[in-house]
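# Observations on chain architecture
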Amino acid sequence: MSVMRVFARNMATAAKINNVVVIGGGLMGAGIAQVAAATGHKVTLVEVNDQLVEKAVGSIKKSLERVAKKQFKDDATKGQQFIEGTLSNLKGSSKLEDAVSSSDLVIEAIVEKMEIKHELFGKIDAAAPASSIFASNTSSLSIAEIGSVTKREDRFGGLHFFNPVPIMKLLEVIRTEKTSEDTYQQLMEFGKRMGKSCITCKDTPGFVVNRLLVPYMAEAVRLLERGDATARDIDTAMKLGAGYPMGPFELNDYVGLDTTNNIIQGWHKKFPDNPLFTPPKLIEKLVSEGKLGVKSGEGFYSYKK
């Protein structure tokens, strides 16, 4: 029995996710790479060229300095050790196939376009070890459809992190009908090791958070379109009446109107009969005018100084 126990323990250790590859060095990808490296994983952050790799690693360094200043405000030495320890677990690369060749887990955090995700996973499926698990950080697309181009649908799942990743505690772990129990358990353990509170959801549009949040934001816009109340009064109502930290228009501006629009347009195309997924005209209009929210300086509100 003791020999079997040792064997089982060794197998569990062998199955543990250590080498993590994050593809995409934007806000989400950089955040995922940072937290994974800070929690002891060996991380490779992949971008399309060396300049973007340098930019992504630079943004992580700045973020780590902010975290260290906050967490270790009374001990600068420990703060520096935290920064250096995290960075020692992190490297950047623009060589996609090389980066995934010794991966335990590959997390995709690129643009929300199915054809581009398919092209990416088609490329890396042959280059990554057969044991490597693939995951997408998509917030709105079908995990099963993304993984359908690979020969490892049983080792494919969703890891939906929230922005900003170093601060937001939630991780939605998505399992498709083909995701194996072993893959699911490894993804859950990885999320917990990253210090996240993990919930599980089936491969349904928007998972839990966005399935509730996007129609809520869209309905708020419809209230405004009908002239039922002003954007400011709707925001005040939800903050003071429902206890939300942000109103739906403030949240929409923070998320980005283009992001909300892309999500709801995609759902509407796939599920045209669902009235919750009908795109509000006002969001389409603002996006067409380049008013995307906080990032562009104007959305439902102005952020220009």
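What you are looking at is a predicted structure, and each value in this text was computed from that prediction instead of being measured. (Residues numbered from 1 in each chain as written. Predicted model: local features only at pLDDT ≥ 70, side-chain atom pairs only at ≥ 80, totals over all residues. Heavy atoms only, no water.)

## Observations regarding the nonpolar core
- In this structure, Val 20, Val 43, Leu 105, Leu 159, Phe 161, Val 173 and Phe 190 are the most contacted members of the largest nonpolar core, which totals 36 residues.
- With seven residues, helix H2 (residues 27-38) is the single largest residue contributor to this core.
- In this structure, Leu 159 is in contact with Leu 105, Ile 107, Ala 135, Ser 136, Asn 137, Leu 171, Glu 172, Val 173, Leu 187 and Phe 190, ignoring residues within four places of it in sequence.
- Residues Val 100, Phe 134, Ile 143 and Phe 156 belong to the second largest nonpolar core, which totals 19 residues. (Core = buried A, V, L, I, M, F, W, Y, C linked by side-chain atoms within 4.5 Å. Buried < 20%, exposed > 50% of the residue type's maximum accessible area, 1.4 Å probe, protein only. Helix = DSSP H or I, 4+ residues; strand = E, 2+ residues; numbered from the N terminus. Contact = heavy atoms within 4.5 Å.)

## So, the pairing of strand E2 (residues 42-46)
- Within E2, four of the five residues are buried, which leaves it mostly tucked inside the rest of the structure.
- Pairing between strand E1 (residues 19-23) and E2: five bridges, direction parallel. What sits directly across from Val 21, in E2, is Thr 44.
- In terms of handedness, the path from E1 via H2 over to E2 forms a crossover that is right-handed.
- The sheet contact formed by E2 and strand E3 (residues 90-93) spans four bridges and is parallel. Directly across from Val 43, in E3, lies its bridge partner Leu 90. (Pairing = 2+ DSSP bridges. Right-handed = clockwise from strand over helix to strand, strands pointing away.)

## A closer look at unusual backbone geometry
- Cis geometry is adopted by the peptide bond preceding Pro 164, which originates at Asn 163 and carries an omega value of -5 degrees.
- Position of Pro 164 relative to the elements: it lies in the loop between strand E6 (156-161) and strand E7 (170-175).
- One non-glycine residue, Phe 207, adopts positive backbone phi at about 55 degrees.
- With respect to the element layout, Phe 207 can be found in the loop between strand E8 (197-202) and helix H9 (209-225).
- On the basis of relative accessible area, Phe 207 is assigned to the buried category, the value being 3%.

## Here's the deal with the packing of H9 against helix H10 (residues 231-241)
- Running from amino to carboxyl end, H9 crosses H10 at an angle of 135 degrees, the nearest separation of the two axes being 9 Å. With respect to each other, H9 and H10 are oriented oblique. Along this stretch, H9 crosses H10, giving a crossing that reads as right-handed. Listed contacts from H10 to Tyr 216, Ala 220, Leu 223 and Leu 224 of H9 are Ala 231, Ile 234 and Met 238.
- In terms of residue class, the contact of H9 with H10 is built from seven nonpolar, no polar and no charged. (Axes fitted to C-alpha atoms, helices over the stretch in contact; angles between N-to-C directions. Parallel < 35°, antiparallel > 145°, perpendicular 65-115°, else oblique. Left-handed = near helix turned anticlockwise from the far one by under 90°. Nonpolar A, V, L, I, M, F, W, Y, C, P; charged D, E, K, R; others polar.)

## Brief notes about the confidence of the model for the chain
- Put simply, the chain has an average pLDDT of 93, and 95% of its residues get 70 or more.
- When the criterion is pLDDT under 50, residues 1-14 qualifies, and its contacts beyond four places in sequence or with other chains add up to zero contacts. (pLDDT = per-residue confidence, 0-100.)

## Re the pattern of salt bridges
- Overall, the coordinates contain 15 salt bridges when judged by the stated rule.
- Linking Arg 152 and Asp 125 is a salt bridge whose minimum nitrogen-to-oxygen distance equals 2.7 Å. Separated by 27 residues along the polypeptide, Arg 152 in the loop between helix H7 (143-147) and E6 and Asp 125 in helix H6 (residues 114-127) bring together distant segments of the chain.
- Here Glu 298 ties to Lys 304 by a salt bridge, and the two come within 3.4 Å at their closest N and O atoms.
- Relative accessible area serves as the criterion here: at 23%, Glu 298 is assigned to the partly exposed category.
- Here the salt bridges share partners, and the residues they tie into one network are Lys 285, Glu 289, Lys 291, Glu 298 and Lys 304. (Salt bridge = Lys/Arg side-chain N within 4 Å of Asp/Glu carboxyl O.)

## Remarks on H6
- For H6, with 14 residues, the first-to-last C-alpha span of 20 Å sits near the 20 Å given by 1.5 Å per residue.
- Among the residues making up H6, those that are buried are Met 114, Lys 117, Leu 120, Phe 121, Ile 124 and Asp 125. The buried residues of H6 occupy an angular sector of 130 degrees when projected down its axis, which confines them to one face. Along H6, the residues that are exposed and aim more than 90 degrees away from the buried face are Glu 115, Glu 119 and Ala 126.
- Its buried side turned inward, H6 meets E1, helix H5 (96-100), strand E4 (105-108), strand E5 (133-136), H7 and E6. (Expected span 1.5 Å × (residues − 1). Arc of directions from axis to C-beta.)

## What about the sheet that holds E8?
- With mixed pairing, the eight strands of this open sheet are ordered in space as E3-E2-E1-E4-E5-E6-E7-E8. Each of the sheet's edge strands pairs with one partner strand only, and the pair in question is E3 and E8. Strand-to-strand twist in this sheet, taken as the mean axis angle between neighbours without regard to direction, amounts to 25 degrees.
- Relative to E8, E7 runs parallel, the two being bridged by six bridges.

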